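Here is how the chains run, residue by residue.
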Amino acid sequence: MLAVFKRELFSFFNSLTAYITIGLFFLACGLMLWFFPDTSILDYGYAELGGFFSLVPFLFMFLIPAITMRSFAEERKEGTYVLLATKPVTNIQIIMAKYLACVVLILLALIPTVIYHYSVYQLGLPKGNIDSGAVTGSYIGLILLGCAFTAAGIFSSSITKNQIVAFAIAVFLCFFTYTGFDSLSKVQALQGVEAFIANLGINEHYQSISRGVLDTRDVVYFISFIVMFLGLTRLILGGRKW
């Protein structure tokens, strides 16, 4: 499993995929946070990173599918999964190795963004005038969100051999699970169960953690979401004749 993990992780850095996607992620964050007037922290005038943590989930909807789309789609297209399956590893070990490699790449993309917290910390009047507890909670929420989107992306890659199709399916799943249930909860015909429907979506739990309160119900939700999509991936791989 460790060998598959290393192979998957190093394959990202041996191609332009990781560099282009992470580079575009940094560029989008930088422009939105410091340059564009409507979203600039400098123009906003308050020492807080709420805009950043509201923006990143939508960037993740494109960044993470771009990273995960090749996981199984490429193996299926090139016929190399059969060779991989002959090794002394189970399907779930292969899935977890690929999943963890993608998660590590996403964490590497998030680490440099800590400089935004440092910058706002230094620019605040007085210095340090920022809610570090809320920032910490928001980063925990982002990590859990990234793990959840990665599971959906891995599942999308397992159901097709076309990377573009895998990317499109993953973007749809990430977008719908993040905002779709909130939209459904506002439908007039569903009034009375709107709170239940909203709780099915990721956004409700992500916003809860971003407030700096780490509720076990939110953590259990994200873990259940990840397990569900990885379990579906295992079913797809187990029932497919490669």
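Before any of the text, the structure's been laid out above.
Residues numbered from 1 in each chain as written. Predicted model: local features only at pLDDT ≥ 70, side-chain atom pairs only at ≥ 80, totals over all residues. Heavy atoms only, no water.

**Q** Any chance you could break down helix α9 (residues 132-158) for me, citing the residues and the numbers?
**A** Compared with the 39 Å implied by 1.5 Å per residue over 27 residues, the 39 Å span of α9 between its first and last C-alpha is a close match. When you tally the buried positions in α9, you get 22 out of 27 residues, the bulk of the element. (Helix = DSSP H or I, 4+ residues; strand = E, 2+ residues; numbered from the N terminus. Expected span 1.5 Å × (residues − 1). Buried < 20%, exposed > 50% of the residue type's maximum accessible area, 1.4 Å probe, protein only.)

**Q** Any details on the nonpolar core? Residues and values, ideally.
**A** In terms of nonpolar packing, the biggest core is built from 62 residues, with Leu49, Phe52, Phe60, Leu142, Phe149 and Ile202 touching the most fellow members. Here this core gets 12 residues from one element, more than from any other, and that element is α9. Excluding residues that lie within four positions of it along the chain, Ile202 makes contacts with Leu145, Ala148, Phe149, Thr177, Tyr178, Tyr221, Phe222 and Phe225. (Core = buried A, V, L, I, M, F, W, Y, C linked by side-chain atoms within 4.5 Å. Contact = heavy atoms within 4.5 Å.)

**Q** I'd love a proper account of the packing of aromatic side chains, names of residues and values included.
**A** Counted according to the given criterion, the structure contains 14 aromatic pairs. Between Phe58 and Tyr178, the aromatic rings sit 5.6 Å apart at their centres with planes inclined by 85°, giving edge-to-face as the arrangement. Remark: Tyr178 occurs in helix α10 (residues 163-184) and Phe58 occurs in helix α4 (residues 50-68); sequence separation between them is 120 residues. Aromatic side chains Phe172 and Phe176 sit 6.0 Å apart centroid to centroid with 15° between the ring planes, which places their arrangement in the stacked category. Of this pair, Phe172 and Phe176 both sit in helix α10, 4 residues apart, which is roughly one turn of that helix. (Phe/Tyr/Trp six-rings, centres within 6.5 Å; stacked < 30°, edge-to-face > 60°.)

**Q** Can you explain the pattern of salt bridges? Please cite residues and give values.
**A** Taken as a whole, this structure holds 4 salt bridges when the rule is applied. Its salt-bridge partner being Lys98, residue Glu8 comes within 3.0 Å of it at the nearest N-O pair. Placement of Glu8 in helix α1 (residues 2-13) and of Lys98 in helix α7 (residues 91-110) is noted, with a sequence separation of 90 residues between them. By the burial criterion, Glu8 is buried, and Lys98 matches it. With a closest N to O distance of 2.7 Å, Asp215 and Arg217 form a salt bridge. (Salt bridge = Lys/Arg side-chain N within 4 Å of Asp/Glu carboxyl O.)

**Q** Let's hear about the environment of Gly30: which residues, and what values?
**A** Structurally, the position occupied by Gly30 is in helix α2 (residues 16-34). Sequence-wise, Gly30 and Tyr116 are 86 residues apart; in three dimensions their C-alpha atoms are separated by 9.3 Å. In this structure, Gly30 is in contact with Phe35 and Tyr116, ignoring residues within four places of it in sequence.

**Q** Residue-level account of the side chain of Ser156, with values.
**A** Tracing the chain through its elements places Ser156 in helix α9. When sequence neighbours within four positions are dropped, the list of residues in contact with Ser156 reads Ala166, Ile169, Ala170 and Leu173.

**Q** Got a sec to walk through the packing of α9 against α10? Specific residues and values, please.
**A** One way to put it is that α9 packs onto α10 with a least axis distance of 8 Å and a crossing angle of 140°. Here α9 is positioned oblique relative to α10, judged by the angle of their axes. The chirality of how α9 crosses α10 is right-handed. Touching Leu145, Phe149, Ala152, Gly153, Phe155, Ser156 and Ser157 of α9 are Ala166, Ile169, Ala170, Leu173, Cys174, Thr177 and Tyr178, all from α10. (Axes fitted to C-alpha atoms, helices over the stretch in contact; angles between N-to-C directions. Parallel < 35°, antiparallel > 145°, perpendicular 65-115°, else oblique. Left-handed = near helix turned anticlockwise from the far one by under 90°.)

**Q** Before we move on, could you go through the layout of surface pockets and cite the residues and values that matter?
**A** Space inside the largest pocket adds up to approximately 240 Å³. In this structure, the largest pocket is lined by 15 residues; those nearest its centre are Glu48, Gly50, Ala134, Ser138 and Ser210. Counting only elements with at least two residues in the lining of the largest pocket, the list comes to α4, α9 and α12 (202-210). Tallied by class, residues from the lining of the largest pocket come to 7 nonpolar, 5 polar and 3 charged. (1 Å grid on protein atoms, 1.4 Å probe; cavity = no way out; pocket = protein on both sides within 12 Å on 5 of 7 lines; lining within 4 Å. Points joined across faces, edges and corners; volume = space filled by probe spheres on them. Nonpolar A, V, L, I, M, F, W, Y, C, P; charged D, E, K, R; others polar.)

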